[in-house]
Each structure stands twice: as C-alpha cells, then as structure tokens.
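# Per-entry structural report
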Amino acid sequence: QVQLVESGGGLVQPGGSLRLSCAPSRSIFSIQGMGWYRQAPGKQRELVASITSGGSTNSADSVKGRFTISRDNAKNTVYLQMNSLKPEDTAVYYCNAVLRLTDGTTYDRWGQGTQVTVSS
C-alpha cells in the first residue's frame, strides 16, 4: 500500500528554520488536499497548515507569517517551511493527504511523524 513519508525534522535553536517534506512511498497520480498537523506532549493534535489541490493555503494563527506550506506537483511532494521557530513549536509533526492513484483510487494517509524540537 502507498504510504506517506516525512523528512526534515530535528533540533533547532529558537529563531532557526527547518523545512519538512512529505511524499508518497511510491508513484501516484496526484496528491489532493493535504495538511500538516502537530502534536505536543499532553496536547491534542492540531492543524498547522493546509493546501488544496489548486494550491490554496490556510494556516493556524499561531504560525501565520512564520510557516509556509507549498507543493511541487511534479514531484508530488508537499513542504512546510518553518521560520522563526519558537520553543512552543516543539512537537511531532504529521502530514495527512488524500492520494489519487493512476487507476482513480484514492487513499487518505498519515505520515509516521517527524520530531521537531526547538531549544537552546
């Protein structure tokens, strides 16, 4: 089965930047709607940013002006550029997307999660 694979997490100092990537584990036709979520210890998972198949984006108030979601349709990859990171951004980040295969079948998939830690 096709899965979503995330990369790009790590440890960064406050004020630093990271870029997360999310791509399917094998060739697909397209990624439909897609979102980045995060879950900090003891907290509920929350939506950070989303992007539609047409490229329209939305983001949580807490990350507006700092995080940018984008997509490369040729690579079927979605990115989350995170700038001016704060300690409160520390969480496991997950991507979620609806994947369309060449036969028209669609799958709603979650990535395995990638840890982002913002600390000095």
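Above this note sits the structure.
This text gives an overview of the structure that appears in the document. (Residues numbered from 1 in each chain as written. Predicted model: local features only at pLDDT ≥ 70, side-chain atom pairs only at ≥ 80, totals over all residues. Heavy atoms only, no water.)

## So, the sheet that holds strand S7 (residues 67-72)
Note the threshold: At least two bridges found by DSSP between two strands are what make those strands a pair. Secondary structure elements are taken from DSSP: a helix is a run of H or I of four residues or more, a strand is a run of E of two residues or more, and numbering for both begins at the N terminus. Every axis in this analysis is a line fitted to C-alpha atoms, fitted for helices over the stretch in contact. Angles between the N-to-C directions lie between 0 and 180 degrees.
Within the open sheet, the four strands sit side by side as S1-S3-S8-S7. Their pairing is antiparallel. Every interior strand has two partners, whereas the edge strands, strand S1 (4-7) and S7, have only one. Averaged over all adjacent pairs, the angle separating strand axes in this sheet is 15°, with direction ignored. Both S7 and strand S8 (residues 77-82) contribute to a ladder of six bridges, which runs antiparallel. Counterpart to arginine 71 in the pairing with S8 is valine 78.

## Digging into unusual backbone geometry
To keep it simple, the criterion reads: Burial here depends on accessible area, computed with a 1.4 Å probe over protein chains only, as a share of the maximum for the residue type. Under 20% is buried, over 50% is exposed, and the range in between is partly exposed.
Located in the positive-phi region is asparagine 76, a residue other than glycine, with phi close to 50°. Tracing the chain through its elements places asparagine 76 in the loop between S7 and S8. When its relative accessible area of 12% is taken as the criterion, asparagine 76 is described as buried. Although it is not a glycine, serine 84 sits at a positive phi angle of roughly 50°. Take serine 84: it is sitting in the loop between S8 and strand S9 (91-100). Residue classification places serine 84 among the partly exposed residues on the basis of a relative accessible area of 42%.

## Focus on the pattern of salt bridges
To be explicit about the condition: Here a salt bridge means any side-chain nitrogen of Lys or Arg lying within 4 Å of a carboxyl oxygen belonging to Asp or Glu.
For the coordinates displayed, the defined rule picks out four salt bridges. The partner of aspartate 61 in a salt bridge is lysine 64, and the shortest N-O contact between them spans 3.5 Å. The partner of arginine 66 in a salt bridge is aspartate 89, and the shortest N-O contact between them spans 2.7 Å. Pair noted here: arginine 66 is in the loop between strand S6 (57-59) and S7 and aspartate 89 is in the loop between S8 and S9, with a separation of 23 residues, a long-range link. Take arginine 66 and aspartate 89: they sit in the same class, and that class is buried. In this structure, a network of salt bridges that share partners links the residues Arg38, Glu46, Arg66 and Asp89.

## Some details on the side chain of serine 30
The test is simple: In protein, a polar contact requires one atom able to donate a hydrogen and another able to accept it; more generally it is a pair of N or O atoms within 3.5 Å, and residues adjacent in sequence count only if both atoms are side-chain atoms. The contact criterion used throughout is that any non-hydrogen atoms of two residues lie within 4.5 Å.
Its location among the elements puts serine 30 in strand S4 (residues 30-39). Look at serine 30 and you get buried, because its relative accessible area is 14%. A polar side-chain atom of serine 30 sits 2.6 Å from a polar atom in the side chain of glutamine 32. For serine 30, the contacting residues outside a window of four places in its chain are Asn76, Val98, Leu99 and Arg100.

## Structural notes on the state of the cysteines
Selection criterion: Whenever a pair of cysteine sulfur atoms sits within 2.5 Å, that pair is classed as a disulfide.
Tallying each qualifying case throughout the model produces one disulfide. In this model cysteine 22 forms its disulfide with cysteine 95; the gap between the sulfur atoms is 2.1 Å. Here the disulfide of cysteine 22 and cysteine 95 is right-handed, its torsion about the S-S bond being about 65°. Remark: cysteine 95 occurs in strand S9 and cysteine 22 occurs in strand S3 (residues 18-24); sequence separation between them is 73 residues. We classify cysteine 22 as buried; its relative accessible area is 1%. The exposure class of cysteine 95 is buried, given its relative accessible area of 0%.

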